[in-house]
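# Examination of the molecular architecture
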Amino acid sequence: MFSNTEIGIDLGTANILIYTKSKGIILNEPAVVALDTRTNAVVAVGNEAKNMIGKTPKNIVPVRPLKNGVIADFDSTTQMLTAFLKKVGKKSGLSMRKPSVVVCTPTGSTAVERRAIDNAIKSFGAKEVHLIEEPIAAAIGADLPVSEPQASMIVDIGGGTSEVGIISFGGVVTSRSVRVGGDHIDEEIIQYIKKNYNVLIGESTAEKIKIEIGYALINHPEQTMEVRGRDLVTGLPKVITIRSTEVQSAIREVLETILHAIHDTLENCPPELSGDIVDQGITITGGGALLHGMQDWLSGEIQVPVHIAPNPLESVAIGTGRSLKMIQKLQKAAK
């Protein structure tokens, strides 16, 4: 049986979201932990730790313990999750003693990577841990009819991975996972400015550029933005003006990788389900769904309707939490 506290965790590369049946999403914070290298103690997690990036003394190091949707640093991930659950317990008044947890994992994750997630969750005292594939969680959270005998196609563009899945009868029919996402878009912007302007900018500045003047590969009225960074020649602070068409050029390769994954998934779709996708279209979710022009660009490239999920940033967490009911039903049916 499930314990009193049932929680769903979207263990994202960029953000950690925690969902409970009774209160909905109770935590949405960056997947960042600041550690004191002298003692290995946690100094801060989440928003507080992210605000420290690039601004700390040498002994305080903000790290992202998740890379490409999987655990890169086991100890830091465990410490971060423990801190988040303590915070959630205090804020919500829920008991976090031996909770039942559902966590989403990328489709392409290996058995070793899944075991690392399972161990990290169990290490802070979870009673039960269930893993669910990210496309299914995203589809449930986007209110798609995943348990029906019809195709629901989801494209979840996260921070470290982009997941493409066709789901029918509650299972993944065909899927593709590529280890590119919002973080890679930020990195391409950093590298473009470094190469073309000899100016170094930080991750948060790159993210701001992406949000404000980042566009998918569509025609649009050109926009400009002032960007502050460090001149690599003089070492002094410098202000440059960057155009949205330049950003578009910088991120082209990442966007084309995601499009290629969508094409591959559609090519492997059974003919009986292809008709459903023509009628119902594709739903996009994750932070990448919010890139300017993403919906129009994908619709033009794949010639089917493209919809943005109601809560693209929260779909996976909501779906992970809702899937608790499905798992419960499956367990009862198995007895």
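Let me begin by describing the structure that accompanies this report. Each chain has its residues counted from 1, following the order in which its sequence is written. Only residues with pLDDT of at least 70 are given local features in this predicted model, and only at 80 or more are side-chain atom pairs given and counted; all residues enter the totals for whole chains, interfaces and linings. Remark: hydrogens and water are excluded; side-chain values derive from all non-hydrogen atoms of the structure.

### Comments concerning the pairing of strand S9 (residues 100–105)
Operational definition: Only protein chains enter the accessibility calculation, which uses a 1.4 Å probe. A residue is then buried if its area is under 20% of the maximum for its type, exposed if over 50%, and partly exposed in between. For the purposes of this entry, the term helix denotes a DSSP run of H or I that reaches at least four residues, the term strand denotes a run of E that reaches at least two, and both are numbered from the N terminus. By the convention used here, strands pair only if DSSP detects at least 2 bridges between them. Convention used here: a crossover is right-handed provided that the path from the first strand, over the helix, to the second strand proceeds clockwise when the strands point away from the viewer.
Most of S9 sits inside the fold, with six of its six residues counted as buried. Covered by surrounding structure in S9 are Ser100, Val102 and Cys104 together with Val101, Val103 and Thr105, the residues of both alternating faces. Relative to strand S10 (residues 128–133), S9 runs parallel, the two being bridged by six bridges. When the bridges of S10 are listed, Val103 appears paired with Leu131. What joins S9 to S10 is helix H3 (residues 111–122), and the crossover it makes is right-handed.

### Examining the packing of helix H7 (residues 244–267) against helix H9 (residues 294–302)
We apply this condition: Here, axes are lines fitted to C-alpha atoms. For helices the fit covers the stretch in contact, and angles between N-to-C directions go from 0 to 180 degrees. Put simply, angles under 35 degrees are roughly parallel, angles over 145 are roughly antiparallel, angles from 65 to 115 are roughly perpendicular, and the rest are oblique. Should the near helix be turned anticlockwise from the far one by less than a right angle, the crossing is termed left-handed; should it be turned clockwise, right-handed. Every residue pair with non-hydrogen atoms within 4.5 Å of one another is taken to be in contact. Note on residue classes: Ala, Val, Leu, Ile, Met, Phe, Trp, Tyr, Cys and Pro are nonpolar, Asp, Glu, Lys and Arg are charged, and everything else, Gly too, is polar.
Here H7 crosses H9 at 45°, and the two axes come no closer than 11 Å. Accordingly, the angle class assigned to the pair H7 and H9 is oblique. Relative to H9, the crossing made by H7 is right-handed. Within the contact between the two elements, H7 uses Leu255, Glu256, Leu259, Ile262, His263 and Leu266 and H9 uses Met294, Trp297, Leu298, Glu301 and Ile302. For the contact of H7 with H9, a count of residues per class yields eight nonpolar, one polar and two charged.

### Topic: the environment of Ser175
Counting through the fold element by element, Ser175 comes out in strand S13 (residues 171–178). Along the primary structure Ser175 and Cys269 are separated by 94 residues, whereas in three dimensions their C-alpha atoms are 9.0 Å apart. In contact with Ser175, other than residues within four places in its own chain, are Thr107, Val164, Gly165 and Thr265.

### Some details on the pattern of salt bridges
Two side chains of opposite charge can pair, provided their charged atoms sit close to one another. Applied cut-off: Salt bridges are identified by distance alone: a Lys or Arg side-chain nitrogen within 4 Å of an Asp or Glu carboxyl oxygen.
For the structure shown, the criterion picks out 16 salt bridges. Between Glu207 and Lys50 there is a salt bridge, and its shortest N-O distance comes to 3.0 Å. With a gap of 157 residues between them, Glu207 in helix H6 (residues 203–213) and Lys50 in helix H1 (residues 47–50) connect regions that are remote in the sequence. The exposure class of Glu207 is partly exposed, given its relative accessible area of 26%. In this structure, Arg228 engages Glu226 in a salt bridge whose closest nitrogen and oxygen atoms are separated by 3.7 Å. A cluster of three or more residues bridged by salt bridges with shared partners is formed by Glu222, Arg243 and Glu246.

### Here's the deal with the sheet that holds strand S6 (residues 60–63)
Judged by pairing direction, the sheet is antiparallel, and its three strands sit side by side in the order S5-S4-S6 without closing on themselves. Each end of this open sheet is capped by a strand with a single partner; those strands are strand S5 (41–45) and S6. Taken over all neighbouring pairs, the strand axes of this sheet differ in orientation by 30° on average, direction set aside. In this structure, strand S4 (residues 33–36) lies alongside S6, joined through four bridges in antiparallel fashion.

### Side note on the side chain of Glu246
The condition that has to hold: Pairs of N or O atoms are called polar contacts if they sit within 3.5 Å, as long as, within protein, a hydrogen donor faces a hydrogen acceptor (for residues adjacent in sequence, only side-chain-to-side-chain pairs).
Examined against the element boundaries, Glu246 turns out to sit in helix H7. A distance of 2.7 Å separates polar atoms of two side chains, one belonging to Glu246 and the other to Tyr197. When neighbours within four sequence positions are excluded, Glu246 is seen to be in contact with Tyr192, Tyr197 and Thr241.

### What to know about the environment of Asn59
With respect to the helices and strands, the residue Asn59 is situated in the loop between H1 and S6. The buried category is assigned to Asn59, whose relative accessible area is 17%. Between the C-alpha atom of Asn59 and that of Pro99, which follows or precedes it by 40 residues, the distance is 34 Å. Apart from residues lying up to four places away in sequence, Asn59 is in contact with Leu35, Asp36, Thr37 and Arg38.

### A word on the side chain of Thr13
Checked against the element boundaries, Thr13 lands in the loop between strand S1 (6–11) and strand S2 (15–20). Since its relative accessible area comes to 6%, Thr13 is described here as buried. At 3.5 Å, the side chain of Thr13 forms a polar contact with the backbone nitrogen of Gly160. Residues in contact with Thr13, not counting those within four places in the same chain, are Ala31, Arg64, Leu66, Lys67, Asn68, Gly69, Gly159, Gly160 and Asp183.

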